[in-house]
Amino acid sequence: MQKMTHPPLGLSSILHGLIYMVSVPFLLGLPCGAHAQTSGVSKVDASVQRQAERTRMVDSQLASRGIKDPRILAVMKKIPRHAFIPPAGHRLAYRDHPVRIGHDQTISQPYIVGFMTEVLSPDEAHRVLEIGTGSGYQAAVLAELVKEVYTIEIVPPLAVRARKRLDQLGYKNIRYRIGDGYQGWPDAGPFDRIILTAAPPKIPAPLLAQLKLGGVMIAPIGRAAQALVKITRTKAGYTRESILPVRFVPMTGRAQKDD
Ligand SMILES: C[S@@+](CC[C@H](N)C(=O)[O-])C[C@H]1O[C@@H](n2cnc3c(N)ncnc32)[C@H](O)[C@@H]1O
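What counts and how
- Residues numbered from 1 in each chain as written.
- Predicted model: local features only at pLDDT ≥ 70, side-chain atom pairs only at ≥ 80, totals over all residues.
- Helix = DSSP H or I, 4+ residues; strand = E, 2+ residues; numbered from the N terminus.
- Buried ≥ 20, exposed ≤ 12 C-beta atoms within 10 Å, placed from the backbone.
- Contact = placed C-beta atoms within 7 Å.
- Arc of directions from axis to C-beta.
- Near = placed C-beta within 6 Å.
- Nonpolar A, V, L, I, M, F, W, Y, C, P; charged D, E, K, R; others polar.
- Pairing = 2+ DSSP bridges.
- Core = buried A, V, L, I, M, F, W, Y, C linked by C-beta atoms within 7 Å.
- Axes fitted to C-alpha atoms, helices over the stretch in contact; angles between N-to-C directions.
- pLDDT = per-residue confidence, 0-100.
- Right-handed = clockwise from strand over helix to strand, strands pointing away.

**Comments concerning the overall build of the protein**
Here's step 1: For the protein, the helix and strand inventory stands at seven helices and nine strands.
Here's step 2: Considering the protein as a whole, with its 259 residues, one finds that 43% of them fall into the buried category.
Here's step 3: Contacts in the protein between residues at least 24 apart in sequence constitute 59% of all its contacts with a sequence separation of at least 6.

**Quick look at helix 3 (residues 70–78)**
Here's step 1: The set of residues buried in helix 3 consists of Ile72, Val75 and Met76. Angularly, the buried residues of helix 3 cover 95 degrees about the axis, an arc narrow enough to put them on a single face.

**Side note on the site of the ligand**
Here's step 1: Taken together, 26 residues form the shell around the ligand, and within it Gly132, Gly134, Ser135, Gln138 and Gly181 come nearest.
Here's step 2: Secondary structure elements with two or more residues in the shell around the ligand: strand 2 (105–107), helix 5 (137–143) and strand 4 (148–153).
Here's step 3: Per-element tally for the shell around the ligand: the top contributor is strand 2, with three residues.
Here's step 4: Looking at the shell around the ligand, its residues break down into 13 nonpolar, eleven polar and two charged.

**A closer look at the pairing of strand 9 (residues 237–246)**
Here's step 1: Both strand 8 (residues 226–234) and strand 9 contribute to a ladder of nine bridges, which runs antiparallel. Note that in strand 9 the partner of Gln226 across the bridge is Val246.
Here's step 2: Connecting the antiparallel pair strand 8 and strand 9 is a turn made up of two residues.

**Focus: the nonpolar core**
Here's step 1: Of all hydrophobic cores here, the largest spans 65 residues; its most connected members are Met116, Leu142, Val149 and Ile218.
Here's step 2: A total of seven residues in this core trace back to one element, the largest contributor, which is helix 4 (residues 110–120).
Here's step 3: Excluding anything up to four places from it in sequence, Ile218 contacts Met116, Val119, Leu120, Ile195, Leu228 and Lys230.

**A closer look at the sheet that holds strand 6 (residues 191–196)**
Here's step 1: Reading across from one edge, 5-4-3-6-7-8-9 is the order of the seven strands in this open sheet, with mixed pairing throughout. Looking at strand neighbours, the two that pair on one side only are strand 5 (174–178) and strand 9, the edges of this open sheet. For this sheet, the mean inter-axis angle between neighbouring strands, taken without regard to orientation, is 15 degrees.
Here's step 2: The pairing of strand 3 (residues 127–131) with strand 6 spans four bridges and is classified as parallel. Its bridge partner lying in strand 6, Leu129 is registered against Ile194.

**A closer look at the confidence of the model for the protein**
Here's step 1: Per-residue confidence for the protein averages 86 on the pLDDT scale, and 83% of its residues sit at or above 70.
Here's step 2: Below a pLDDT of 50 lies the segment residues 1–40, which in the model reaches 48 contacts outside its immediate sequence neighbourhood of four places, other chains included.

**Focus on the pairing of strand 5**
Here's step 1: Of the strand pairs in this sheet, strand 4 and strand 5 are connected by five bridges, and their pairing is parallel. If you follow Tyr150 over to strand 5, its bridge partner there is Arg175.
Here's step 2: With helix 6 (residues 156–168) bridging strand 4 and its parallel neighbour strand 5, the resulting β-α-β unit is right-handed.

**Examining unusual backbone geometry**
Excluding glycine, residues mostly have negative phi values, and the peptide bonds linking residues are mostly trans.
Here's step 1: In this structure, the amide linkage connecting Gly189 to the following residue, Pro190, adopts the cis form with an omega of 0 degrees.
Here's step 2: Positive phi outside glycine occurs at His103, with the angle close to 55 degrees.
Here's step 3: If you trace the backbone, His103 turns up in the loop between strand 1 (99–102) and strand 2.
Here's step 4: Even without being glycine, Ser121 reaches a positive phi, approximately 35 degrees.
Here's step 5: As for its position among the elements, Ser121 is in the loop between helix 4 and strand 3.
Here's step 6: On the neighbour-count criterion, Ser121 (12 C-beta atoms within 10 Å) is exposed.

Below you can see the structure in the form of structure tokens.
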């Protein structure tokens, strides 16, 4: 039985979820619109401009919509999100929607990254498993807030590119694996937190088993209709809260065999 009990989930969160659902099909079609011109601008000017875009993104897309954790807001102001997107998409990096990163995949909307991170309530002692490295941006956000991030990506070129980027940015507390995240990372588990950034039809059983007692998992679940679901492992089993309607890319591989 699903229940809507997560504290920040008022009408405005639900509206933002709906906005997200509307924006994804548009973006997965043809990103368009006016854009900031950076050609001909010096590197220093461009970096000042990017910082201003990041600050605006955090203030207008996250803080104003109820993301409260100051550590998450600070980290998302700091990390150069555009560096996680192929150059043709840099002008879209700080906009209020997902952006294509190649191989039919996207970097998630900034608000969704902030929201999922806040639901996880990360702690500096935590070890976190992420399924769906993608661009590496969510891994970077988590790596700033927790002890270790274990991230798995099924599309090899994306995994290689993300690792290179994260290495260049100096992240030393991220471990990488290429493959199907369905089985999780048994030899490194159990984990304090687990995050899925691609949607399976149902939560893979091996991932549930790798969640620590008291641990929290956040995942988009479903096929056509998806919800962001928060799962907490308790002594009695698992509690499940459906907290936001969303639209994510499907989790491919073994997950597609689950009904
Ligand atoms: C929305 S994108 C990732 C967003 C990413 N966290 C970021 O910050 O850019 C989802 C990613 O999940 C990956 N994925 C899909 N199914 C997977 C699976 N079974 N195992 C691991 N990764 C998977 C996709 O290839 C894609 O890169």
